[in-house]
Amino acid sequence: MIRDLLLGARFAVTGGRPGWARTVLTALGVGFGVTLLLVAASVPSILEGRDTRHQARDLTSGESGAPRSDRSFLYADASTLFHDRPVRGLLLRPDGAHAPAPPGVAALPGPGRMVVSPALDRLLASPEGALLKERLPYGIAGRIGDAGLVGPAELVYYAHRAALTDATADGRGAGFGHNVGVDRPSSAFLLLLIVVACVVLLLPVLVFVATAARFGGEQRDRRLAALRLVGADIAMTRRIAAGEALAGALLGLLAGTGLFALARRFAGRVTVWDVNAFPADVVPVPALAALVAVVVPLCAVVVTLAALRAVVIEPLGVARHTASRPRRVWWRLLLVAAGLALLPVGGPVALAETTWEMAPVAGGALLVLTGVTTLLPWLIETVVRRLRGGPVPWQLAVRRLQLSSGTAARAVGGIVVAAAGAIALQMLFGAVQSDFMRPTNMDSARAQLSMRLDRGQPDAPREVVRELSAARGVTGAAATLEASVRRPGPPRAGEDFAPTTSLTVADCPSLRELGRLPSCRDGDVFIARSHGGDGPDDAYLARTARPGALVDLRDEGEPPLLWRVPADARTVEGRPDPMGWTAFGILATPAAIDAGRLGAPALTAWARLDPAVPDAEEHARNAAARISPTMRVDTVRNMERDERFTSVGRGVFAAATLTMALVAVSLLVSMVEQLRDRRRLLSTLVAFGTRRSTLAWSVLWQTAVPVALGMVLAVAGGLGLGALLLALIGKQVADWWVFWPVAGVGAGLVAAVTLLSLPPLWRLMRPDGLRTE
Amino acid sequence: MSIGHTLLGLLESGPRHGYDLKRAFDEKFGHDRPLHYGQVYATMSRLLRNGLVEVEGIEPGDGPERKRYAITEAGVTDVEGWLTRAEKPEPYLQSTLYTKIVLALLTGRSAAELLDTQRAEHLRLMRELTRRKRDGDLADQLICDHALFHLEADLRWLELTAARLGQLAEAVGGTAR
Amino acid sequence: MSALLRAEGIGKAYGRTPALVDADLTVRAGEVVAVMGPSGSGKSTLLHCLAGIVRPDTGTVTYDGRDLTTMSDAARSALRRGDFGFVFQFGQLVPELTCVENVALPLRLGGERRRAAERRAHEWLERLEAADAAGRRPGEVSGGQAQRVAVARALVTAPRVVFADEPTGALDSLNGERVMRLLGEAARDTGAAVVLVTHEPRVAAYSDREVVVRDGRIRDLMGAP
């Protein structure tokens, strides 16, 4: 038994150049699959590493902040966007000598200096980082170590800002890292996506591994026949074949481990869904790695033995069971049905939940996809059997498929899984994206940037307008100070608290963004009504914002600071600001009220950019940072959508494409193998005048027919699975046509396989094949 | 097999005594049946009479007289004619054909051409038999097939010999052409 | 009879090995020419050059007044489709197609409709005593039958020259004889010339004349008959 296996293994590595070529091909194919599996097995470690480091650098949370001590520090978030890349920034001011440093930072930088992540350091040092450098006016004191970063490409800085005060800081902290335990904020929907994605992307890899294990299978079978001639019995040949497959798979495991080791070095250079990982994080989970090491060789052996069942190896050659009984359809349908039945067992998935019964959905999706894939050989056989006639290339291809559709079906099976899964996933994304893609009411024609600072100085609006207007590419700017005012005195009967309204102070041009003013001069006051909607209804508004009424500028419990709304204040219609909020309340010009009397006013500003000026947005952001580094700057968008989902959608599509390309490689290999086996026949066909194009078309049809049938199955299966999954999360199908890109990829692959098999075809069509000697 | 033509052929490479002729003949063609002196003597006198050889000289000595024979122009023509003429295809031709080939090699004539001439003759007969077979009944077919198989065997031998001419030339000390 | 196909001074080398040297050969309409010679002597190369499958390095091949060596690949393919027929030793039938489809293939490559092509293919199968193989695949018929199917395929386009390369090489004597008899008869009836490459004298005996190729050189044994 062992001897036979070893003999088979020896066959894998001996046997001259063609033998080697086969083994190398198998090892590379299996190796590529193993690499992907190992990468998948590393995903949990990657995420865990990121999570751990992310938590370690989070500010230790506390409701009211830490008490002031020589270990405490003031902090303020100063994150920004640079060319749409997030830059995480934190301003710090230690209260004493013993204030702790964030993870990965050896010591807090001195005043006016900052520590930066290596990626940010590089960006700042490069020409394209010049604008960002302007925004971060701190000297670089050092770099943040890996322990303080979730990924190598992350842009992070910690700056020591001496100007930070209790008033301008976000809060006071005493340490980094929160110890609330592992609390992964993943939604049920995300889990659903991850589960389906894993099934969809890894199943074809297994199919590919299985196909790769059989590269050159026909020649191998023929060699087994030679063994039968010298006295091996059928059981021995099976063991020898198993040994050979095992050897190939083990070489593949080795190759895959090598490739993986090589690939993980480049982990830092690849970013998927804003996630990139340190090579040190890319470590397969041991249990999963062990699973790969067991499943891959097992898969190779099983496939080999299954393939041998279809042939009879006689001492004088290999015979195929030509009159094999037609494939049965019932058990294949049973698989699909079982999967469909299993899917809803776990009950509906609520998007808001964070945990749900994962096993039924995962198992159901697996069963459906497997079932759809097993339907393929039956479908191809059944359809092809009915095909008749047609032009010569069509006839050649169809007849070839009629005789042996199994090989094609095996290879195309991977495409079906990948395509069906991708379609189902795309449907999920489509539905969710339409959730996230909705009009924001923002008006990007009026402004492209919106800024907000929680505590604005009285003269901040003028300063902001001046700074912004001076920035390159800014064509217009408006700024307001807004505070909450209330009716003086305690709450009346039936009221929980005294009615409040907003008081906005801004110059006339800025006020015009908030209300439809008939005219405006400094010193004017207006009452803006919003008639419900975003703001209060007119009756509620009238309780506070009324010409001649007194309002209290201070909060309850504080000594009142009263101000009277001028009796000549005009009532106007509120207007949605560029962010889409309809303004309401009291609108006052600077001469009407001393802005310094407002309690904790918030600064809001908008900037209009000249689209023709490159980097106008960055210049405007720099201007905002000059006023305050903690000013929040957002881009105004007409449509809001979750970029993450878009990128995941793209990622899934790319991964599915890659998987299908992988399958196309195995299609190509088996096509070329088949052509090589038929070189004599090809030469004969050329001899009696067959055109190259005739044979090229027959190669095309031979690939296209199974792939087209596979695509039909994939589209049907994918749409079905997608619709069912959507039903599970209680959503409508947004777009039934999501399969077009995937089908397009399928067509592209057919074209690619055909094109790539043409050069070998031309070569094999040379008359050399006719030489008998 | 024609001993006369063979001896003539041997003489073509140079005059020889009768004894030398016998020895050369035995060595090259006599394998299991050496030639008798009487045969040599009788053959040579016939060739002498026909003017195909001449006596170049007589060497007196103890024992039998030793005549040195030389081939005449007529003799050369005769050998030439014999070698280039195809033998009538029939079974057991090998020894004659073999002798002819060796002589051709020895006398510097083209042995390959000789073989080709012979195979053409064989094939001509085979063609005729094939034609007869095609038009005849089963009995004809069987009889023709018998002859055809024999002729085919000869032809195969001719082909094999043609392929081995170089080797043979080396063995008999002639030159292959 | 005039020359239908004429090779003049053709030479062909594969790499540095000369396969054919300065070969001349004339094939007249309707005659059967046997090309004999040992293995590797260049017989097949000669046949390939004559049929326009291989372009010789030197010399010219003229068919019906046209120079094959200067014709484009497409033109030569068209010529082979229309005017030539081929029979090889083995592995020449498309295994997936039925025998009748195999025979009809050259007609269909020439643009004929499937029904008409298969009707003619049936006639030829009958003529070559292989009618019972019609609906079966090559793998399911005997070697002799397969070879008769191949002959039918070579003749179905009514070619003017049939090239047969060891057509009986894989057959026993009886089947070989049968194939040769049928090929010979059919060729005579249709007036096709046959270039017959063989190393078997009994097969060559079906020819009208023979040439021998030895070390890439041709010896025309009989000249004009």
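In the nomenclature of an unreviewed UniProt entry, chain C is known as ABC transporter ATP-binding protein of Streptomyces lavendulocolor.

Draft legend 1. Expanded view of the overall build of chain C. Looking only at helices and strands, chain C features seven helices and 10 strands. Counting only carbon and sulfur atoms, one obtains 46% of the accessible surface of chain C, whose full area is about 8200 Å².

Draft legend 2. Up close: the nonpolar core. Leu 369, Ile 415, Ile 423, Leu 425, Met 660 and Leu 725 of chain A are the most contacted members of the largest nonpolar core, which totals 69 residues. Among the secondary structure elements, those contributing two or more residues to this core are helix H5 (188-213), helix H10 (358-386), helix H11 (392-403), helix H12 (406-436), helix H17 (643-677), helix H19 (692-728) and helix H20 (739-764) of chain A. Broken down by element, this core gets its largest block of residues, 18 residues, from H12 of chain A. No fewer than three residues from each of domain 1 (1-56 + 186-323) and domain 3 (325-437 + 641-773) of chain A sit in this core. Those residues in contact with Ile 423 of chain A that sit more than four places away from it in its chain are Ala 714, Val 715, Gly 718, Leu 719, Val 738, Phe 739 and Val 742 of chain A. Judged by nonpolar contacts, the second largest core, of 56 residues, contains Leu 764 of chain A together with Ala 7, Leu 97 and Phe 163 of chain C.

Draft legend 3. Focus on the environment of Glu 31 of chain C. Residue and element names in this part refer to chain C. Along the chain, Glu 31 falls in the loop between strand S2 (17-28) and strand S3 (32-36). By relative accessible area, which is 6% here, Glu 31 ends up buried. Sequence separation between Glu 31 and Ala 187 is 156 residues, and the spatial gap between their C-alpha atoms is 8.8 Å. Not counting chain neighbours up to four residues away, the residues in contact with Glu 31 comprise Thr 26, Ala 193, Val 194, Asp 208 and Arg 209.

Draft legend 4. Focus on the interface of chain A and chain C. Each side of the interface is counted separately: chain A has 27 residues, and chain C has 31 residues. Taken together, both faces of the contact between chain A and chain C bury some 2800 Å²; the carbon and sulfur share is 59%. Our count for the chain A to chain C interface comes out at three salt bridges. For the side of chain A that touches chain C, the secondary structure elements donating two or more residues are H11 and helix H18 (679-687) of chain A. Ranked by the residues each element gives to the side of chain A that touches chain C, the list is headed by H11 of chain A, at seven residues.

Draft legend 5. Local environment of the state of the cysteines. Residue and element names in this part refer to chain A. Applying the stated criterion to the full structure yields one disulfide over all chains. Disulfide pairing is shown between Cys 508 and Cys 520; the S-S distance is 1.9 Å. Between Cys 508 and Cys 520, the S-S torsion sits near -75°, and that sign places the bridge as left-handed. Taken as a pair, Cys 508 in helix H14 (residues 508-512) and Cys 520 in the loop between H14 and strand S14 (525-529) lie far apart in primary sequence, 12 residues in all. Side by side, Cys 508 and Cys 520 carry an identical accessibility label, which is buried.

Draft legend 6. View of the pattern of salt bridges. The final tally for this structure, using the stated rule, is 42 salt bridges over all chains. Among the salt bridges present, the one from Arg 178 of chain C reaches Glu 129 of chain C, with a minimum N-O distance of 3.0 Å. Here the residue Arg 178 of chain C occupies a position in helix H6 (residues 173-190), and Glu 129 of chain C occupies one in the loop between helix H4 (114-127) and helix H5 (143-155), the gap between them amounting to 49 residues. Under the relative-accessibility criterion, Arg 178 of chain C is labelled partly exposed at 28%. Taking the relative accessible area as the measure of exposure, Glu 129 of chain C reaches 32% and is therefore partly exposed. Glu 129 of chain C is the salt-bridge partner of Arg 181 of chain C, the closest N and O atoms lying 4.0 Å from each other. Placement of the pair is Arg 181 of chain C in helix H6 and Glu 129 of chain C in the loop between H4 and H5, with a sequence separation of 52 residues. According to the relative accessible area criterion, Arg 181 of chain C is partly exposed, its value standing at 30%. Among the ionic contacts, a cluster of salt bridges with common partners joins Lys 133, Asp 145, Glu 152 and Arg 156 of chain B together with Glu 177, Glu 200 and Arg 202 of chain C.

Basis of the calculations
Residues numbered from 1 in each chain as written. Chains lettered and ligands numbered in written order. Predicted model: local features only at pLDDT ≥ 70, side-chain atom pairs only at ≥ 80, totals over all residues. Heavy atoms only, no water. Helix = DSSP H or I, 4+ residues; strand = E, 2+ residues; numbered from the N terminus. Areas by Shrake-Rupley, 256 points an atom, 1.4 Å probe, with all protein chains shown as cover. Core = buried A, V, L, I, M, F, W, Y, C linked by side-chain atoms within 4.5 Å. Buried < 20%, exposed > 50% of the residue type's maximum accessible area, 1.4 Å probe, protein only. Domains from an automatic or database assignment. Contact = heavy atoms within 4.5 Å. Buried area = accessible area lost by both parts, 1.4 Å probe. Salt bridge = Lys/Arg side-chain N within 4 Å of Asp/Glu carboxyl O. Disulfide = S-S within 2.5 Å.

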